[in-house]
Structure formats: structure tokens, C-alpha cells
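Report on the structure
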Amino acid sequence: MTTLVVCIDRSGHLGIDPPVVGWEAVQSLVTDAGVADPEDSRVNCMLEALRITRDLHDEDEGAVVAVVSASGDSVSSDRAVARQTDDLVAEYDPDSAIVVVDSAEDERLVPIVESRIRVDAVDRVVVRQARDIESTYYLLKQFLADEELRKTVLVPVGVALLAFPALLLLAESPAVATAAIAAVIGAFFLYKGLGIDTFLARLPGEIRDAFYSGQVSLVTYVVASGLGLIGVFAGAIGVSSTGGQPPFILAMRFAFDSIPWLTAAALAASTGRLLDEIIREERVRGAYVNLPFGAVAVGLVIRGFSAYFLERARVFDPFTVQPVDVGPIAVEGLTLEPRVRLAVFIFTGILVSLVGVRFSSYFNGAEVEEDVDDEVAEQQ
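From a predicted model like this one, the values you see are computed outputs, not experimental measurements.

**Notes on the sheet that holds strand β2 (residues 20–21)**
Taken together, five strands build an open sheet; the order of strands is β2-β3-β1-β4-β5 and the sheet is mixed. Across the chains shown, the open sheet's two edge strands, defined by having one partner strand only, are β2 and β5 (119–124). Relative to strand β4 (residues 96–101), strand β1 (residues 2–9) is paired through five bridges, and the arrangement is parallel. Following the sheet pairing, Cys 7 is matched in β4 by Val 100. Each of β1, β2 and β3 (62–69) touches helix α3 (residues 74–92); the most contacted strand, β3, lies at about 160° to it.

Listed below in C-alpha cells is the structure:
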């Protein structure tokens, strides 16, 4: 078994034509490079390659040490390293390789060696006195080379540093300026973290495709947006008319007044998506079929809980059924207690949800039976 111990140097300043192969040749090269520039990190890299070769020989394992080098632009240097590796593999026919590098730039060439021979290990040599400094340097270099990271981190930090003095002059309060900067940076991180930028970048294309393909959901989404705005407006009016109440009761009032409109919005959007799936595909997933029922069920439950809290807080009077007299049939008036009314809403929501699950199961079951019948007919 022969192992190729290869030291990669991308600077291309060895002084002799690469590759340099053999213990004596590499040892002489180390001496020359060390005398010429004792601070050169390549000296440590080549010494590490010699050490690994010596250890392999001590373990009675065949080893060939070599130094490959190239200079110039990225493409030409990479191809030069590839040619030298091909020559070494063809001449010595090693079973595996150990790659020794001294920088992140040289480490980028490891895949080239890996594509020609199995690489068992990659040994990165960093001078001990400069380990922390060099590691930090390469980390910062990679960070600054990533355009996306620069935009995500450096841009908001730079804007914050520029805006902070202006806010101090305008607000005349460090607390207000700091709070404003923190709020803006937090909103930006949420904007990036939740993928809102990706969604907004993709939205025009989806709208264009929806226009061209004639999707029903495009219209229903617009309707849902309008209903949602009406719901928010109705909730805000309800809150404004309920003064002197704790924040929790105000939130319940907002939910009570807005949830019918928001439920209608969710129902419109989910129905449009369901119609698109029915038109576009032969088989519709059960989640799309059950979605409208789920929207109505959730709306009923939220409406019931919000009404319960409002009645208990005496914002609303208990629900009363007026007496009805239709010919010979007479129904007396009835007042529902808050807990009874809540139970009715919860029961109705669960019932609607079960109907949706049943309808979805029936819908998918019928499609599965049709597919089975078609397969049986084809086999016959």
C-alpha cells in the first residue's frame, strides 16, 4: 500500500519546476526556501509533509512525498495542479493520499486532488504563534467575500452607526435613539430571518404566472385581502367603542368583531386554492379539501371564546332568543348563559371540523377507488 503525501503550494515561487518528488528533493527544497525566507509558511507545510512521510515509513507503510505548485489566475493554477497530480498518480500509482496545506486558499485545491485519488486526510498547518491571528484573518476574509453576509450584517450595522448620531441630535435622548436603532435592526433581522424578502422577490413572478394561467385563487386572494382589511377595521371600531377596559378585554373585543370577516377571508382564500387544485390536477390532497372547513371551525371557536370573556366582563348582555309565535307554534324566549353559549360554539366548531374530515376522507377515498378500478380494467 502506497500513500502519496502531497503538499500544495499555490504561490508558485518554489524556484524549480514542480512537482518536486522524493524525500531528498523535498528536504533540499525546504532548506532553500527556509534560507531565502525563514518566515515563509510554506517551510512549515513542507516540513509537515516530511514528518508525515517519516511516520508512515516507521509504520512500515509505503509513502511518497511530493510538492505541487502553480501560479497565475485561478483557472490556470487549478489546471496546473490537476496536471501535476495526474502525473504523480500515473507514475507512482498510490492507493490513497494525504494532503498538506497551510492556508484556506491552498485548501480550495483539495477537491482537485480528491477527484483523482482517494484522500484519507487533510492536514492544515498553521504556525503556532499566529494560529489565532491567522484563523481570524481567514474567517474575516471568507466573511467579506460572501456578498449575502455583507448585505445582511454589515449594511444594517453601518446604517445604525450613521443613524445613531442623527437620532441623538433629533431626540436629545440616548435611550430613545438606542431604542429606535434596536427596533429597526430587530425588524430587519425578522425581515431576513422569516424569509419575507424572498417571498416579496418571488411574489411578482407568482402574480404574473397567476394572470397568465388564469388561476381562480388570484381573485379570491384579492377578495380575502379586502375582507381581512374590513375585519381589522371592524375590530378597531369595536375597541374604540369599548373604553375603560383592561387590555385583555380590548383584545377579546377586537377578536369578537373582526373574526367573522377574517374567517370569511380565510374561507375565500382556501376555497380559491382548492378550486385551483381541482382544475389543475386530477387528484386533490386532503389538506386542500379540509382547509375551508378548518377555517370556519377555528372562526367559530374564537368567536365563542371572545364572546364568553366579554359577557363575563359585562361588556355584552347575555344572549337572548326572542319569543316566536307562528300560528299554532309558539316558542318562548330563552336566555343563554355564557358557558352554554361557549359550549354551543365549541360543539359547532368541532362538528364543522369533523364534517370537513369526513368529506375529505370521502373525496380522497372515491378517487382511490377510481384509480383501483382503472388499474384493474387495464390489467384485464
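Having seen the structure, we can now continue with the description.
**Section: the environment of Pro 174**
Among the structural elements, Pro 174 can be located in helix α8 (residues 174–193). Put simply, Pro 174 and Phe 164 are 10 residues apart on the chain and 8.8 Å apart in space, counted from C-alpha to C-alpha.

**Things to note about the UniProt feature "transmembrane region" (unreviewed entry) in the protein chain**
When the UniProt feature table is mapped to this numbering, "transmembrane region" (unreviewed entry) covers residues 153–171, 177–195, 216–238, 258–275, 287–310 and 340–357. Strand forms 0% of residues 177–195 and helix 89%; the C-alpha atoms that close the span are 27 Å apart.

**Remarks on the packing of aromatic side chains**
Tallied over the full model, the rule gives two aromatic pairs. Summarising the aromatic geometry, the rings of Phe 248 and Phe 309 are spaced 5.2 Å apart at their centres and angled 80° between planes, so their arrangement reads as edge-to-face. Of this pair, Phe 248 sits in helix α11 (residues 247–280) while Phe 309 sits in helix α12 (residues 286–312); the two residues are 61 residues apart in sequence, bridging distant segments of the chain. Since its relative accessible area comes to 44%, Phe 248 is described here as partly exposed. The class of Phe 309 is partly exposed, set by a relative accessible area of 31%. Taking the centre distance of 5.6 Å and the plane angle of 70° together, the rings of Tyr 308 and Phe 309 count as edge-to-face. Connected via pairs of aromatic rings, a cluster forms that spans Phe 248, Tyr 308 and Phe 309. The ring centre of Phe 256 lies 3.7 Å from the NZ or CZ of Arg 303, which sits over that ring.

**Describing helix α2 (residues 41–58)**
Counted at 1.5 Å a residue, the expected span for α2 with its 18 residues is 26 Å, and the 26 Å between its end C-alpha atoms agrees. Buried residues of α2: Arg 42, Val 43, Cys 45, Met 46, Glu 48, Ala 49, Leu 50, Ile 52, Thr 53 and Leu 56, and no others. Buried-residue contacts for α2 involve β1, α1 (23–36), β3, β4 and β5.

**As for α1**
Relative to the 20 Å expected for 14 residues at 1.5 Å per residue, α1 spans 20 Å between its end C-alpha atoms, a close match to the ideal helical length. Within α1, burial applies to Val 26, Leu 29, Val 30 and Ala 33. Along α1, the residues classed as buried sweep out an arc of 105° about the axis, all on the same side. Facing away from the buried side of α1, by more than 90 degrees, are the exposed residues Glu 24 and Val 35. Buried residues along α1 sit in contact with β2, α2 and β3.

**Quick notes on a nonpolar patch on the surface**
On the surface, Leu 190, Tyr 191, Leu 194, Ile 196, Phe 199 and Leu 200 cluster together into a nonpolar patch covering about 560 Å² of accessible area. Elements that contribute at least two residues to the nonpolar patch include exactly α8 and α9 (196–213). Within the element layout of this structure, Leu 194 appears in the loop between α8 and α9.

**Quick word on the pattern of salt bridges**
The tally for this structure, following the rule as stated, stands at eight salt bridges. Asp 55 serves as the salt-bridge partner of Arg 51, at 2.7 Å between the closest nitrogen and oxygen. Of this pair, Arg 51 and Asp 55 both sit in helix α2, four residues apart, roughly one helical turn. Residue Asp 55 is classed as partly exposed on the basis of its relative accessible area, which comes to 25%. When salt bridges that share partners are traced, they join Glu 48, Arg 51, Arg 54 and Asp 55 into one network.

**Considerations on the pairing of β4**
With six of six residues buried, β4 is to be regarded as a mostly interior element. Side chains Ser 96, Ile 98 and Val 100 project from β4 onto one buried face, and the interleaved Ala 97, Val 99 and Val 101 project onto a second face that is buried too. Here β4 pairs with β5 via five bridges, running parallel. Residue pairing across strands places Ile 98 opposite Ala 121, the latter belonging to β5.

Reading the values: rules and limits
Residues numbered from 1 in each chain as written. Predicted model: local features only at pLDDT ≥ 70, side-chain atom pairs only at ≥ 80, totals over all residues. Heavy atoms only, no water. Pairing = 2+ DSSP bridges. Helix = DSSP H or I, 4+ residues; strand = E, 2+ residues; numbered from the N terminus. Contact = heavy atoms within 4.5 Å. Axes fitted to C-alpha atoms, helices over the stretch in contact; angles between N-to-C directions. UniProt positions renumbered as here; feature names shortened; annotations may be inferred. Phe/Tyr/Trp six-rings, centres within 6.5 Å; stacked < 30°, edge-to-face > 60°. Buried < 20%, exposed > 50% of the residue type's maximum accessible area, 1.4 Å probe, protein only. Lys NZ or Arg CZ within 6 Å of the ring centre and 35° of its normal. Expected span 1.5 Å × (residues − 1). Arc of directions from axis to C-beta. Patch = residues over 30% accessible without salt bridge, like charges linked within 9 Å, V, L, I, M, F, W, Y side chains within 5 Å. Areas by Shrake-Rupley, 256 points an atom, 1.4 Å probe, with all protein chains shown as cover. Salt bridge = Lys/Arg side-chain N within 4 Å of Asp/Glu carboxyl O.

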